[in-house]
Amino acid sequence: MRRIWATVVSVWAVLAIVAVLAWSRPATPSAQPAATPTVLVVKGKNGTQHLVVVNTAGAAPHATTQTSPPPR
Amino acid sequence: MIGRFERRAFRAMGTSCMVGVTVRPGQRLVARKALTAGEVEVAACESVLSRFDPRSDLSRVNAASGEWVAVDERLVTAVRAAVLAREDTDGRFDPTILPALVAAGYDRTFDELAVRPGRRAAGWRAGAQLEADLERSSVRVERGAALDLGGIGKGFSAARALDAMTRAAPELDGGLVDLGGDIAVQGSPPDGTLWRVAVADPRRPGETLGTLGLLDGGVATSGRDRRRFGPGRSLHHLIDPATGSPAEEGPLAVTLVGPDPTRVEAHATALAISSLEDAREHLTSFPELAALYVPTTGEPVPFGRLAFAPLVDSVHL
């Protein structure tokens, strides 16, 4: 019985140490590409102009443009 | 934040497709209606415009070259747009390159392509005559020539699908159609700012060159970084109409942005076989278009009104 309790305590101790280490370690900043913002003015169908912004940093895109992959 | 983004992914035109809309609370059913309308329109365009389906309207026109053929209004409209684009691009986009494309080896879907050396089409001549009659909903291609809308069809279909979505659910704030990287957007995205379209880096798979933000219009990318075939994957699908062979000049890929997704794709196809200087000169005639040209060596070059500037958040002029 004493051996079982010793095992349980050991496991919890290891988990506690891992948790403390994970919490105390400073988060590594993810590699962000250098921002290269770009502005584009596009005339809409109704003649209005819209400002278009290009920048590598920011919120997730809604879609990605690329050469169409080969048909499968 | 004015709503959330509801999207539907599916396969069509031999590629991955997605339609999406901005949905406010209480608009779930109407959003589904819009998404279904978009998906149905893409399928309808494919059934009409495909050159790989012998029953398509386009295949029937090619089979009866020299004769008027009654076709779906979609094909008539697409052919008219293609003829205009051929004029706009001085023939660098040509919807009658099919014989040259087939001779080069791209004679079936990529899954079925045999590895054989490419060859030139015998007696190749660009600029075959194309006629499209909207009143009679008929199309005629010059005898012996053949039609291929590969360089314009997805942009055209994306625009049609977006229109269908807007008609099905005009109360929605905005929508997006993505057909394998040819994209059309309209209205507001869920956060009420701009639709964000990342531009894939053709030099580094999985990475992007930047993100475009736009309200209405289209984005298309064309290049030789994918769709290679033949011995040692030495050939690509971008035929230079002037020679009838896979183009030697041109970027690794070029991304175009503009108000009309159909024209945007056709001009992207034309610039994909153009030198840096030719591309720059071409775009001076089309101030509504802008491009990001990625040469085979060197850094990406922005053209048109795509100019580097300080970071500006979503702004409507």
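Our subject in this report is the structure included herewith. What you see is a predicted model, and the numbers here were worked out from it, not measured in a lab. (Residues numbered from 1 in each chain as written. Chains lettered and ligands numbered in written order. Predicted model: local features only at pLDDT ≥ 70, side-chain atom pairs only at ≥ 80, totals over all residues. Heavy atoms only, no water.)

**Quick notes on the overall build of chain B**
Logical step 1: Within chain B one finds 7 helices and 18 strands.
Logical step 2: For chain B, with 317 residues in total, the buried portion stands at 59%.
Logical step 3: Here the analysis covers contacts within chain B between residues at least 6 apart in sequence; of these, 63% occur between residues at least 24 apart.
Logical step 4: When the accessible surface of chain B is summed, it comes to about 13200 Å², and 51% of that surface belongs to carbon and sulfur atoms. (Helix = DSSP H or I, 4+ residues; strand = E, 2+ residues; numbered from the N terminus. Buried < 20%, exposed > 50% of the residue type's maximum accessible area, 1.4 Å probe, protein only. Contact = heavy atoms within 4.5 Å. Areas by Shrake-Rupley, 256 points an atom, 1.4 Å probe, with all protein chains shown as cover.)

**Details of the pattern of salt bridges**
Residues and elements named next belong to chain B.
Logical step 1: Within the structure shown, the criterion is met by 21 salt bridges over all chains.
Logical step 2: One salt bridge in this structure joins Asp53 and Arg55, with 3.2 Å as the shortest N-O distance.
Logical step 3: Its relative accessible area of 69% is what places Arg55 among the exposed residues.
Logical step 4: The partner of Arg136 in a salt bridge is Asp133, and the shortest N-O contact between them spans 3.0 Å.
Logical step 5: Salt bridges sharing common partners tie together Glu41, Asp72, Glu73, Arg74 and Arg160. (Salt bridge = Lys/Arg side-chain N within 4 Å of Asp/Glu carboxyl O.)

**What to know about a negative patch on the surface**
Logical step 1: Taken together, the side chains of Glu248, Glu249, Asp278 and Glu281 of chain B define an acidic patch exposed on the protein surface.
Logical step 2: If you trace the backbone, Glu248 of chain B turns up in the loop between strand E14 (245–246) and strand E15 (253–258). (Patch = residues over 30% accessible without salt bridge, like charges linked within 9 Å, V, L, I, M, F, W, Y side chains within 5 Å. Lys, Arg positive; Asp, Glu negative; His and termini not counted. Charge placed at Lys NZ, Arg CZ, Asp CG, Glu CD.)

**With respect to the pairing of strand E2 (residues 15–23) of chain B**
All names here are of chain B.
Logical step 1: Of all the 9 residues making up E2, 8 are buried; the element is thus mostly covered by neighbouring parts of the structure.
Logical step 2: Judged from the 9 bridges that link them, strand E1 (residues 4–12) and E2 form a sheet pairing that is antiparallel. Residue pairing in the sheet places Ala12 in a bridge with Thr15 of E2.
Logical step 3: Here E1 folds back onto E2 in antiparallel fashion, the turn holding 2 residues, of which Met13 has a positive phi close to 50°. (Pairing = 2+ DSSP bridges.)

**As for the sheet that holds strand E4 (residues 130–133) of chain B**
All names here are of chain B.
Logical step 1: If you walk across this open sheet you meet the 3 strands as E3-E5-E4, and the pairing is antiparallel. The sheet terminates laterally at strand E3 (69–70) and E4, the two strands that pair on one side only.
Logical step 2: Where E4 meets strand E5 (residues 138–141), 4 bridges bridge the pair, whose relative direction is antiparallel. If you follow Ala132 over to E5, its bridge partner there is Val139.
Logical step 3: The sheet strands contacting helix H3 (residues 73–88) are E4 and E5, and the helix crosses E4 at an angle near 135°. (Axes fitted to C-alpha atoms, helices over the stretch in contact; angles between N-to-C directions.)

**Regarding the packing of aromatic side chains**
Logical step 1: Under the defined criterion, the tally for this structure stands at 1 aromatic pair over all chains.
Logical step 2: Positioned above the aromatic ring of Trp68 of chain B is the side chain of Arg136 of chain B, whose terminal nitrogen or guanidinium carbon lies 4.9 Å from the ring centre. (Phe/Tyr/Trp six-rings, centres within 6.5 Å; stacked < 30°, edge-to-face > 60°. Lys NZ or Arg CZ within 6 Å of the ring centre and 35° of its normal.)

**Some details on a nonpolar patch on the surface**
Logical step 1: Where nonpolar side chains cluster on the molecular surface, the patch consists of Met1, Ile4, Trp5, Val8, Val11, Trp12 and Leu15 of chain A and spans about 820 Å² of accessible area.
Logical step 2: In this fold, Trp5 of chain A is placed in helix H1 (residues 2–24).

**Regarding the nonpolar core**
Residues and elements named next belong to chain B.
Logical step 1: Counting residues in each nonpolar core, the largest one holds 47 residues, and the members touching the most others are Val21, Leu49, Leu75, Leu149, Met165 and Val177.
Logical step 2: Among the elements that line this core, the one with the most residues is helix H1 (residues 28–49), at 8 residues.
Logical step 3: Residue-level mapping places this core at the junction of two domains, with at least three residues from each of domain 1 (4–43 + 152–308) and domain 2 (49–149).
Logical step 4: Setting aside its immediate chain neighbours within four residues, Leu49 contacts Leu58, Leu75, Ala78, Leu149, Gly153, Phe156 and Ser157. (Core = buried A, V, L, I, M, F, W, Y, C linked by side-chain atoms within 4.5 Å. Domains from an automatic or database assignment.)

**Here's the deal with the environment of Leu98 of chain B**
Residues and elements named next belong to chain B.
Logical step 1: Relative to the elements of secondary structure, Leu98 occurs in helix H4 (residues 98–104).
Logical step 2: Assessed through its relative accessible area of 9%, Leu98 is described here as buried.
Logical step 3: Each C-alpha atom, one on Leu98 and one on Arg51, is 9.3 Å from the other, the two residues being 47 residues apart in sequence.
Logical step 4: Residues within four places of Leu98 in sequence aside, it is in contact with Arg51, Asn62, Ala146, Leu147 and Asp148.

Don't take any of this as a statement about function, it's just geometry.
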